[in-house]
Structures are given as structure tokens and as C-alpha cells.
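# Geometric and topological summary
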Amino acid sequence: RSPASLQAAVEGRSTNLSIDILEGGARVHYVLQEIFVKGLLELDPTATMTDEHIRTKIQNTAGTKAVLLVPEEPFEQLARQCIEKMLDPCKQCAELVHQELCAMASSCVPPEVAQVYPHLAQAVEKTCKEFLSKGLEPAVQMIVNLVECQLAHINTSHPDFVGGPAALLQAQKAIDARMNAEAEEAAEAANKSSKNKGVNKENADVVSGTIQKTSQWLSGVLSPSKRHYSIENGTVKLKEPPKKLNANACETNEEFLQVMVTRTLLGSYYRIARGILADTVPKAVMHFLVNSVSRGLRQHLIGVLYQPGIMKNLLMEDPEIAELRQEARARVKALNAAALTMTEFSSELRV
């Protein structure tokens, strides 16, 4: 009865389903769709990736060479790093479904069987969990293989991939918007400065002289710190690079274009890989874990429990139940004897 009860619970055919809470297969569906799929769709490592991160990756992959146009290597490396971050949530999905099935296996043992034959109930529950654990291993391995397939080849020919020309167009639009914003800020600053020209000439001369002296002093103090060399005892000495060296920020439109194109390509491909895993991982969990209950649980229980040397021990009653039965039999015997005595006594009274 336990395999049939578990299968009925998974398929939603149990006769005593609750109307207050989700249980059985509905909980498995909730784990797959509400927790895993929606959680995976919310995961976006590209959103937390700054322009400095992308710029650093571009320069690191270029090595000793200068960066020309938009290289493919940083895009592929960043795409693989983002895809790898989906492995743990995918494996956790299988583990959560396994926990739900184990909980259902524990509750599917009939209470009357557990009360009279506790050893049998424990053996059935343990065997069911062992069977489900054997299904968890290939499910997790299949999920790992699915993620590794995404890492093995970055398919830029996918029909949903944005592609290089479209990415360049989007990046160019972003550059145009950036330049327009800078032009508007410069125009506003010029308007503010033109409104503040009510200062007389004498004050202007004093201010300009002060500014000139201050700029000379600052240039004498600050400019050496910006140099890449120092002069010691008349000898020019180059500065050593710092131990922690960061990539330079985007200073030209070309560098900004490289970052924007890489970000656009990365976001497009990550969404494709995420959609594939959101579809295939639940299928792998259903095949190796959930559907295995109907395929082989009954045969597994028969093969493990129906053994000559095991069944006798499993069908041993609980000592307390046996004691209660003996007490009940003694009471029934006493009641029968009392009823017989009363019958004989009533017959004697009639005589």
C-alpha cells in the first residue's frame, strides 16, 4: 500500500487531501515553479557587474596587446562566469524535491501498520528513502551535465542572441545619450556662469590674480604626484606599479563602446542560458526523482523486504500491542464465563 499511497500523493489522487494547505505533488510543483524557476529568473549576475569589472576583464584578456574594436574573449569568459553561478541553485532544486518526496514517504505508511508492526513501518520508510536517494544522484549529475553543456560552447549563432551589429547599435545609442547629457550639463553650467558676471573689473582683476597664484601653487604641489617618475639626486627614476592595479575608467568613447557592447552581448546570452536551464532542470528532476516512484519503487520494496530471513522479524508485533491483546482476551474470557454463570443461575431460579 505504501508505494501506491506515495504515487497517489504525488499525482494528486489521494482521497484525504487537505483544503487548507498544499501537500503531496502540489508542494513539488511549488518547489519547481515558484521557488526554483522564479528564483532563477530573478538571478542576474550581470546586473551587479560594474563597468570597471568589464573593463578589467577586457584588459586582462588582451594581455600585452592593445584592445582593438570589441574582443570576443572577455565576453565568453564573463558569460561562463555568470552561467557557473546558476549551478548551485539548480542542484538545490533537486535536493528540495528529494526532501519533499522523503516527507511524503514518511506520511504514506498506514497508521494501523505503524502501530501494530513498527519494524515493518520503519523498514518500508527507510527503503523508500534509500530508493529516492538513488534517484537523487543521477538527477544531480544530469543537472551538472546540463550546466556543463552551457559552459562547453557559447553559441553566438542562437536565434535569440542579440548579435554584434545590434549590440553596436545599442551601444552607439547609449554613447549618443551620454554625449547629449554632457552637452546639456555644459550648457547649464555656461548659463549659470553668464548670470554671475555682475562683478566689477577691479574685483575681477583681484580674483583672477588670486586664482593665478593659487593655480601656480597647486601645480607646483600636485603635478609631481601625477608624474610617472621622480627625480632623485639628478637621476630620473620611474615609479613602480602598485601591488593592486585596477583598470582605468572609460575615458574615451571607444572604451565606453567596448564596455557597452560587451555588457549587451553578455546580458543577451545569459538570459538565453538561464531560460534553457529553467526549462530543462525541472524536467531532469521529474524524470530521475518524481517519475521514478511509479517506475520502480514497488519492485524495489519487494526485492529488499520480501526475503525469507527478513519478513519474520518485520512482522513481529510490538510487545505492548501483544500484551494488550492478551489482556483483552482475558477480559473477553472472563465476560463469557460471567455470562454463562448468569445464564445457569437464571435457569435454576425458574426451576
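Residues numbered from 1 in each chain as written. Predicted model: local features only at pLDDT ≥ 70, side-chain atom pairs only at ≥ 80, totals over all residues. Heavy atoms only, no water.

### Looking at the overall build of the protein
This is how it is decided: Numbering of helices and strands runs from the N terminus; a helix is a DSSP stretch of H or I covering at least four residues, while a strand is a stretch of E covering at least two. Between buried and exposed lies partly exposed: a residue is buried under 20% and exposed over 50% of the maximum accessible area for its type, with that area taken using a 1.4 Å probe on protein chains only. Contact criterion: two residues are considered in contact whenever any of their non-hydrogen atoms come within 4.5 Å of each other. The accessible surface values rely on the Shrake-Rupley method and a 1.4 Å probe; as for residues, cover is taken only from the protein chains in view.
Secondary structure summary: the protein contains 13 helices and two strands in total. The buried share among the 351 residues of the protein stands at 30%. When contacts within the protein are restricted to residue pairs at least 6 apart in sequence, long-range pairs at least 24 apart make up 84% of them. Accessible surface, the protein as shown: approximately 23400 Å² in total, 56% of it carbon and sulfur.

### Details of a nonpolar patch on the surface
For the record, the criterion: Think of a patch as exposed residues, more than 30% relative accessible area, with no salt bridge, where like charges cluster within 9 Å and nonpolar side chains (Val, Leu, Ile, Met, Phe, Trp, Tyr) cluster within 5 Å. Within this document, salt bridges are pairs made up of a side-chain nitrogen of Lys or Arg and a carboxyl oxygen of Asp or Glu, the two lying within 4 Å of each other.
Residues L22, Y30, I35 and L96 make up a contiguous nonpolar surface patch of roughly 360 Å² in combined accessible area. By the element assignment, L96 lies in helix 5 (residues 87-107). Judged by relative accessible area, which is 32%, L96 ranks as partly exposed.

### Describing helix 4 (residues 73-84)
At 3.6 residues per turn, the α-helix brings residues three or four places apart onto the same side. Let me state the cut-off plainly: Multiplying one less than the number of residues by 1.5 Å gives the expected span of a helix. Note: the arc covers the axis-to-C-beta directions of the helix.
With 12 residues, helix 4 ought to run about 16 Å at 1.5 Å a step, and its terminal C-alpha atoms sit 17 Å apart, in line with that. Among all positions of helix 4, only P74, F75, L78, A79, C82 and I83 are buried. For helix 4, the angular spread of buried residues about the axis comes to 165°, placing them on one side.

### Quick notes on the side chain of Q150
By secondary structure assignment, the location of Q150 is in helix 7 (residues 118-152). What Q150 contacts, discounting residues up to four positions off in sequence, is I83, A273, I276 and L277.

### Observations regarding the pattern of salt bridges
Throughout the structure, instances matching the rule amount to four salt bridges. The partner of R80 in a salt bridge is E76, and the shortest N-O contact between them spans 3.8 Å. Of this pair, R80 and E76 both sit in helix 4, four residues apart, which is roughly one turn of that helix.

### Some thoughts on the environment of L257
Note that L257 resides in helix 10 (residues 253-290). Here the alpha-carbon distance between L257 and Q170, two residues 87 residues apart in the chain, equals 9.6 Å. Those residues in contact with L257 that lie beyond four places of it in its chain are L168, A171, Q172 and I175.

### Overview of the packing of aromatic side chains
Heads up, the condition is: Two aromatic rings from Phe, Tyr or Trp, using only the six-membered ring of Trp, form a pair when their centres are within 6.5 Å; if the ring planes differ by under 30 degrees the pair is stacked, by over 60 it is edge-to-face, and anything between is tilted.
Counted by the stated rule, this structure contains three aromatic pairs. Taking 5.9 Å as the distance between ring centres and 80° as the angle between the ring planes, the aromatic pair formed by F161 and Y269 counts as edge-to-face. Here F161, found in the loop between helix 7 and helix 8 (164-195), pairs with Y269, found in helix 10; they are 108 residues apart in sequence, far enough to count as distant. A relative accessible area of 11% places F161 in the buried class. Cluster of aromatic residues (ring-pair linked, three or more members): F75, F161 and Y269.

### Comments concerning the packing of helix 2 (residues 25-42) against helix 5
Formally: The angle between two axes is taken between their N-to-C directions and runs from 0 to 180 degrees, where each axis is a line fitted to C-alpha atoms and a helix contributes only its stretch in contact. Every angle not falling under 35 degrees, over 145, or within 65 to 115 is termed oblique; those three ranges are roughly parallel, roughly antiparallel and roughly perpendicular. Should the near helix be turned anticlockwise from the far one by less than a right angle, the crossing is left-handed, and should it be turned clockwise, the crossing is right-handed. Under this grouping Gly is polar, as are all residues other than the nonpolar Ala, Val, Leu, Ile, Met, Phe, Trp, Tyr, Cys and Pro and the charged Asp, Glu, Lys and Arg.
Between helix 2 and helix 5, the least distance of the axes is 9 Å, while the angle of their chain directions is 165°. Considering the angle they form, helix 2 stands roughly antiparallel to helix 5. Crossing of helix 2 over helix 5 shows right-handed handedness. Together, G25, R27, V28, V31, L32, I35 and F36 of helix 2 and P89, C90, C93, L96, V97, E100, L101 and M104 of helix 5 make up the contact between the two elements. For the contact of helix 2 with helix 5, the class distribution of residues is 12 nonpolar, one polar and two charged.

### Brief notes about the nonpolar core
Using the following cut-off: Take the buried Ala, Val, Leu, Ile, Met, Phe, Trp, Tyr and Cys residues and link them wherever side-chain atoms come within 4.5 Å; each set so joined is a nonpolar core.
Membership of the largest hydrophobic core comes to 61 residues, with the highest contact counts inside it found for F75, I83, V97, L101, L277, V281 and V285. Ranked by residue count, the leading element in this core is helix 10, at 17 residues.

These figures come from the coordinates and say nothing about function on their own.
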